[in-house]
Amino acid sequence: MAHHAELTLDPAFSVGEIDRRLFGSFVEHLGRCVYTGVHEPGHPAADADGFREDVLDLVRELGVSVVRYPGGNFVSGHRWEDGVGPRERRPRRLDPAWHSIETNAFGLGEFMAWTRRAGVEPMMAINLGTRGIAEACDLLEYANHPGGTHWSDLRAEHGAKEPYGIGLWCLGNEMDGPWQTGHKTAHEYGRLAAETARAMRMIDPSVRLVACGSSHSGMPTFGTWEATVLEHAYDLVDYISLHAYYEERDGDPASFLASAVDMESFIESVVATCDHVRAATKATKRINLSFDEWNVWYVSRREEEGPPTEWAEAPRLLEDRYNVTDAVVVGSLLIALLRHCDRVSIACQAQLVNVIAPIVAEPGGAAWRQTIFHPFAQAARYGRGEVLRVEPSSPVVKTARFGEVPALHATATRDEDGAVTLFAVNRDLERPLDLTANVRALGAYRVVGHQVLSDADRLARNTAAEPDRVRPRTVTGTAIGTAIGTATGTAIGTAIGTATDTATGAVAEVGLLRAKLPPVSWNVIRLAPTTGY
């Protein structure tokens, strides 16, 4: 038996403009993300630079806007100089973060060439674990200075005469975590981040800098870490980072489906801390958020397996295979990010290929889309313009972790052409949800599409043999005005007075969108003006 939820779409109530960097991703030297992921010379689909064209096609389809590189935990022990210049001279190194051997066959120059091919913006992380201010400045000079100095001339000698012009920089990674090579106290890191930022701005005042926030909201220093770091660095940085991963634990899918409750609380807590420091320091600017690591990640599986015992090149690590439920949770996390677009300016799903990723690429073989690929691609494609403030009225589902939470999680966007997209998740494990949306304030609109990702088997996955087993499917039979009770249940009444289904006699008030959302489902409902579109 279905239950019912309601919401209103009104262009007069806006959260804010969407920064395209909200649809970022992450490439780290971890497992097979780089080697046999984005880069595999000799693969049938590889180009002259060794980049897999089949993966590049999927990256473009995914709609990624910015890619964070090269880590992650990897960066805190990384020497950036190892990955530039002739490949035959590059050293092989131990990577203690992931107990692997790093060949450095793929480095900064290759990454920048790959970003140009993929059409994405680079976001560079610097090592503030085992290195410091001088190395950060050297890297910045190598990457961004036009020429006439040691490091900029070396870049030209390596084949890149024009500067890379990298605008986004992360000041280290998860420096509060004891697992991080060279991790620090909040005071130690805050001072280092501030002085590194100051020096980098002397070289290139245009850079935008991200300070490390807490590794996750469960850290014992969460809140006090952000406050202390920003007391040191508030005027010198532009963003503070957030990281969060979610998984289904202890046979509790209801709590897992409600993961975005935690994400939204995390965002709001960090915003409150940033604004407290702004008030306390009498600063004039506002710090925004970079949620530069987020995804579904089955960390418990890694904990059960334990760390690798042998040093290997590009070992298979963290290669989670995602199901329908995972995809619905990813869709809900995307909704959470959009609902806070006024403060979350950057977000990077971790990671891009093979490692907890939307794309799988087998060595010498095929590449395909995981289930989580689809919500991201749809949000990146249709999540444009501004986010409308949506406050649903919904029945609740009971969860062990979060108590009672709304069954409906939703947001909506409106682009420059007036097209509106409603993103909606039904968290209920068993019951479909009848949704009524009041869209009268939009004016004369029509339904142009309703796609749903759901399955009778919530654990269904995509594989090399069945790469499209799980994908969004179009709800057919959508009608306007006189056919609101079709099999799809999706329509907008447009006639004066009421709209009536000729087959069932069902009646809907004009200006009400009606849709049926299956259990455990991600839904994308697109609306467009009836004229001028």
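Residues numbered from 1 in each chain as written. Predicted model: local features only at pLDDT ≥ 70, side-chain atom pairs only at ≥ 80, totals over all residues. Heavy atoms only, no water.

**Topic: empty space enclosed by the protein**
Move 1: Under the definition given, this model contains three cavities of 30 Å³ or more.
Move 2: Roughly 170 Å³ of volume is contained in the largest cavity.
Move 3: Along the wall of the largest cavity there are 17 residues; nearest its centre are H78, W80, A125, I126 and L139.
Move 4: Those elements that provide at least two residues to the lining of the largest cavity are β7 (121-126) and α3 (133-144).
Move 5: Looking at side-chain class alone, the lining of the largest cavity contains ten nonpolar, five polar and two charged residues. (1 Å grid on protein atoms, 1.4 Å probe; cavity = no way out; pocket = protein on both sides within 12 Å on 5 of 7 lines; lining within 4 Å. Points joined across faces, edges and corners; volume = space filled by probe spheres on them. Helix = DSSP H or I, 4+ residues; strand = E, 2+ residues; numbered from the N terminus. Nonpolar A, V, L, I, M, F, W, Y, C, P; charged D, E, K, R; others polar.)

**Comments concerning the state of the cysteines**
Move 1: For the coordinates displayed, the defined rule picks out zero disulfides.
Move 2: A disulfide-free cysteine, C33 has its sulfur positioned 12 Å from the sulfur of C348, the nearest such atom. (Disulfide = S-S within 2.5 Å.)

**What to know about the packing of α3 against helix α4 (residues 150-157)**
Move 1: The interhelical angle for the contact between α3 and α4, taken along N-to-C directions, is 50°, at an axis separation of 7 Å. Here α4 runs oblique to α3, going by the angle between their axes. By crossing handedness, the relation of α3 to α4 is classed as right-handed. Between α3, through D138, E141, Y142, A143 and N144, and α4, the contact on the second element is made entirely by H150, W151, S152, L154 and R155.
Move 2: Among the residues making up the contact of α3 with α4, the classes are represented as four nonpolar, three polar and three charged. (Axes fitted to C-alpha atoms, helices over the stretch in contact; angles between N-to-C directions. Parallel < 35°, antiparallel > 145°, perpendicular 65-115°, else oblique. Left-handed = near helix turned anticlockwise from the far one by under 90°. Contact = heavy atoms within 4.5 Å.)

**What about the pattern of salt bridges?**
Move 1: Counted by the stated rule, this structure contains 34 salt bridges.
Move 2: A salt bridge links E110 to R87; the shortest N-O distance between them is 3.3 Å. With a gap of 23 residues between them, E110 in helix α2 (residues 108-118) and R87 in the loop between β4 (66-69) and β5 (93-95) connect regions that are remote in the sequence.
Move 3: A salt bridge links E195 to R198, with the nearest nitrogen and oxygen atoms 3.4 Å apart. On the criterion of helical spacing, the pair formed by E195 and R198 is a turn pair, its members being three residues apart in helix α5 (residues 186-203). (Salt bridge = Lys/Arg side-chain N within 4 Å of Asp/Glu carboxyl O.)

**Section: the side chain of S65**
Move 1: As for its position among the elements, S65 is in the loop between α1 (53-62) and β4.
Move 2: In contact with S65, not counting residues within four places along its chain, are R20, R21, L22, F23, G24, V120 and E121.

**A short note on unusual backbone geometry**
Move 1: Following Y69, the chain continues into P70 via a peptide bond in cis, with omega recorded as 0°.
Move 2: Tracing the chain through its elements places P70 in the loop between β4 and β5.
Move 3: The residue after A350, namely Q351, is reached through a cis peptide bond having omega -5°.
Move 4: Mapped onto the fold, Q351 is located in the loop between β13 (344-350) and β14 (359-361).
Move 5: For T36, which is not a glycine, the phi torsion comes out positive at approximately 75°.

**Here we look at the side chain of R155**
Move 1: Mapped onto the elements of the fold, R155 is located in helix α4.
Move 2: At 3.2 Å, the side chain of R155 and the backbone oxygen of P146 are in polar contact. (Polar contact = N/O pair within 3.5 Å; in protein donor to acceptor, adjacent residues only side chain to side chain.)

**As for the sheet that holds β5**
Move 1: The sheet built from three strands is open, its strands ordered β5-β6-β12 with mixed pairing. In this open sheet, the two strands that pair with only one neighbour each are β5 and β12 (312-313).
Move 2: The sheet contact formed by β5 and strand β6 (residues 100-102) spans three bridges and is antiparallel. Across the sheet, R93 pairs through a bridge with E102, a residue of β6. (Pairing = 2+ DSSP bridges.)

**Brief notes about α5**
Move 1: Given a rise of 1.5 Å per residue, 18 residues ought to cover 26 Å, and the 26 Å separating the end C-alpha atoms of α5 matches this to within 8%.
Move 2: If you check which residues of α5 are buried, you get A186, Y189, G190, L192, A193, A194, T196, A197, A199, M200 and R201.
Move 3: Its buried side turned inward, α5 meets β7, α3, β8 (168-171), β9 (208-211) and α6 (224-233). (Expected span 1.5 Å × (residues − 1). Buried < 20%, exposed > 50% of the residue type's maximum accessible area, 1.4 Å probe, protein only.)

**Quick word on the pairing of strand β20 (residues 420-426)**
Move 1: Most of β20 is tucked away: seven of the seven residues are buried.
Move 2: Going residue by residue along β20, you find V420, L422, A424 and N426 tucked away on one face and T421, F423 and V425 tucked away on the opposite face as well.
Move 3: Bridge count between strand β19 (residues 408-414) and β20: seven bridges; the pairing is antiparallel. Paired with T411 across the two strands is F423, which belongs to β20.
Move 4: Between β19 and β20, which pair antiparallel and follow one another directly, the connecting turn spans five residues, one of which, G418, has a positive phi of 90°.
Move 5: Direction of pairing for β20 relative to strand β29 (residues 521-529): antiparallel, over a ladder of seven bridges. Note on β29: the bridge partner recorded for A424 is N523.

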